[in-house]
Amino acid sequence: MSYLVDNWSFDPFVLVVAAVVIIHELGLANLRRRSLPERTRTRRLRSLLFYGGLALLLIAVMSPIDYWADDYFFVHMVEHILIAFFAPILIVAGAPWLPLLHGLPVGPRRRLVRALLLGRFSHTLRAVGRVVLNPWTALISFNAVMVLWHIPALFDAAEENQLIHIWLMHASFFVTGVLFWLQIIPSYPFRMKATPLWQVGAIISTNVVMFVMAMTLSLFSATSWYSVYAHIPGVSLSPYADQQIGAAILWICGDFWAIPALAVTIRRAIDSEGGFSLAVDRLFHRDPGPSLQALRASAVLPSPDSHGNG
């Protein structure tokens, strides 16, 4: 029990989270005055997901998880999964973007929007935004960050330098995680640019990368990779056994996010294509004919909403 209740720490990040929550609540209040009750309730429910994601970030950096991650590689893997997967999932699902914008004072908010839309560098900023929010950018960067930071030289450097550890390693996990899940989870006002079939492929390929990493760290290795865990006083678990447990966590916890996400996106793909066989045909680039959406758009098939309205 002491492993859970002892070794909590104060991190200045909690002040950042507190400020974000205050701004978000102010934004919700401002939007409530101009919105229908249904939209207000929807925003409040989404805010719970957003706050849950922020809470996971705080748990990752302030709880005993962060303390024991310095001694045990497998605990470090738990921390990485929270920061890169589960916290971004909740934050993206919480769609905090409009409340955060409307939580700012009117003057700064108008200047910010004007700078983005009409400012001197607005064209460049929009071009950069399109590249950053591109589905392929999100997919490649997310997987690249996960792989690169587990290269021994980079991992050890991050463990030995807290600035690298927090502001490069953890920040890159979180930012690319948010970009990745923006391609899969609806998060107004962002529009999902990727097709449902692309989303299915992105989830499968990412889970394959996590699986290969786990196998490389365990079955395909005979020794521990990371020198920072080699000689830690008071730790009886061998570094290699520690690494194998961490690899198992990386693999098993990968299924915790991948299986539900895959179920949702496969259902989404089937609905968008008009059936399972049509979705499979399009996945393998066979010509199944026009999709259900295309047929409805051309008035060949009636829309489900058109029945009973006569």
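Residues numbered from 1 in each chain as written. Predicted model: local features only at pLDDT ≥ 70, side-chain atom pairs only at ≥ 80, totals over all residues. Heavy atoms only, no water.

1. Observations regarding the overall build of the chain
- Within the chain, the regular secondary structure consists of 15 helices and 0 strands.
- Scored against the burial criterion, the 310 residues of the chain give a buried share of 39%.
- Contacts in the chain between residues at least 24 apart in sequence constitute 71% of all its contacts with a sequence separation of at least 6.
- As presented, the chain carries roughly 17300 Å² of accessible surface, and 69% of it is formed by carbon and sulfur atoms. (Helix = DSSP H or I, 4+ residues; strand = E, 2+ residues; numbered from the N terminus. Buried < 20%, exposed > 50% of the residue type's maximum accessible area, 1.4 Å probe, protein only. Contact = heavy atoms within 4.5 Å. Areas by Shrake-Rupley, 256 points an atom, 1.4 Å probe, with all protein chains shown as cover.)

2. Looking at the side chain of His 165
- Structurally, His 165 can be placed in helix H11 (residues 162-182).
- Accessibility expressed as a relative area gives 2% for His 165, which makes it buried.
- Discounting chain neighbours no more than four positions away, the residues touching His 165 are His 76, Ala 158, Glu 159 and His 170.

3. Thoughts on a positive patch on the surface
- A cluster of basic side chains, namely Arg 126, Arg 130, Arg 191 and Lys 193, defines a positive patch on the protein surface.
- Secondary-structure assignment places Arg 126 in helix H8 (residues 122-132).
- For Arg 126, a relative accessible area of 36% corresponds to the partly exposed category. (Patch = residues over 30% accessible without salt bridge, like charges linked within 9 Å, V, L, I, M, F, W, Y side chains within 5 Å. Salt bridge = Lys/Arg side-chain N within 4 Å of Asp/Glu carboxyl O. Lys, Arg positive; Asp, Glu negative; His and termini not counted. Charge placed at Lys NZ, Arg CZ, Asp CG, Glu CD.)

4. Examining the pattern of salt bridges
- With the rule as written, the count across this model stands at 2 salt bridges.
- The salt bridge involving Arg 44 is made with Glu 25; its shortest N-O contact spans 2.9 Å. Residue Arg 44 is located in helix H3 (residues 37-62), and its partner Glu 25 is located in helix H2 (residues 13-32); the two are separated by 19 residues in the primary sequence.
- Judged by relative accessible area, Arg 44 falls into the partly exposed class, the value being 33%.
- Look at Glu 25 and you get partly exposed, because its relative accessible area is 29%.
- The residue Arg 267 makes a salt bridge to Asp 271 at a minimum N-O spacing of 3.3 Å. Residue Arg 267 and its partner Asp 271 are both found in helix H13 (residues 239-273); the two are separated by 4 residues, about one turn of the helix.
- With a relative accessible area of 54%, Arg 267 lands in the exposed category.

5. Digging into the side chain of Gln 183
- Secondary-structure assignment places Gln 183 in the loop between H11 and helix H12 (196-217).
- Apart from residues lying up to four places away in sequence, Gln 183 is in contact with Leu 133, Asn 134, Pro 135, Ala 138, Met 192, Ala 194, Trp 198 and Gln 199.

6. A few points about empty space enclosed by the protein
- As enumerated under the stated definition, the model contains 1 cavity of 30 Å³ or more in all.
- For the largest cavity, the calculated volume is near 30 Å³.
- Around the largest cavity sit Ile 81, Phe 85, Met 210, Leu 250, Cys 253, Gly 254 and Trp 257, which together line it.
- Those elements giving two or more residues to the lining of the largest cavity turn out to be helix H5 (73-94) and H13.
- If one sorts the elements of the lining of the largest cavity by residue count, H13 sits on top with 4 residues.
- Per-class residue counts for the lining of the largest cavity are 6 nonpolar, 1 polar and no charged. (1 Å grid on protein atoms, 1.4 Å probe; cavity = no way out; pocket = protein on both sides within 12 Å on 5 of 7 lines; lining within 4 Å. Points joined across faces, edges and corners; volume = space filled by probe spheres on them. Nonpolar A, V, L, I, M, F, W, Y, C, P; charged D, E, K, R; others polar.)

7. Overview of the layout of surface pockets
- Quantified by volume, the largest pocket comes out at close to 1500 Å³.
- In terms of lining, the largest pocket is formed by 46 residues, of which the most central are Trp 97, Leu 100, Phe 174, Val 175 and Val 178.
- Secondary structure elements with two or more residues in the lining of the largest pocket: H2, H3, H5, helix H6 (97-102), helix H7 (106-118), H8 and H11.
- Broken down by element, the residue count for the lining of the largest pocket peaks at 11 residues, all from H11.
- Class assignment for the residues of the lining of the largest pocket results in 34 nonpolar, 5 polar and 7 charged.
- If you add up the space inside the second largest pocket, you get close to 300 Å³.
- Every residue lining the second largest pocket is counted, 13 residues in all, and those nearest its centre are Arg 39, Arg 43, Arg 46, Leu 98 and Tyr 188.
- Within the residue set of the lining of the second largest pocket, elements represented by two or more residues are H3 and H6.
- Per-element accounting of the lining of the second largest pocket gives the leading share, 4 residues, to H3.
- A class-by-class count of the residues in the lining of the second largest pocket yields 5 nonpolar, 4 polar and 4 charged.

8. Looking at the packing of H5 against H11
- Contact geometry of H5 with H11 gives a least axis separation of 8 Å together with a crossing angle of 40 degrees. The pairing of H5 with H11 is recorded here as oblique in orientation. When the axes of H5 and H11 are compared, the crossing they make is right-handed. Counting all contacts with H5, which are made through His 76, Glu 79, His 80, Ile 83, Ala 84, Phe 85, Pro 88, Ile 89, Ile 91 and Val 92, the residues of H11 involved are His 165, Met 169, His 170, Phe 173, Phe 174, Gly 177, Val 178, Trp 181 and Leu 182.
- Residues belonging to the contact of H5 with H11 are distributed by class as follows: 13 nonpolar, 5 polar and 1 charged. (Axes fitted to C-alpha atoms, helices over the stretch in contact; angles between N-to-C directions. Parallel < 35°, antiparallel > 145°, perpendicular 65-115°, else oblique. Left-handed = near helix turned anticlockwise from the far one by under 90°.)

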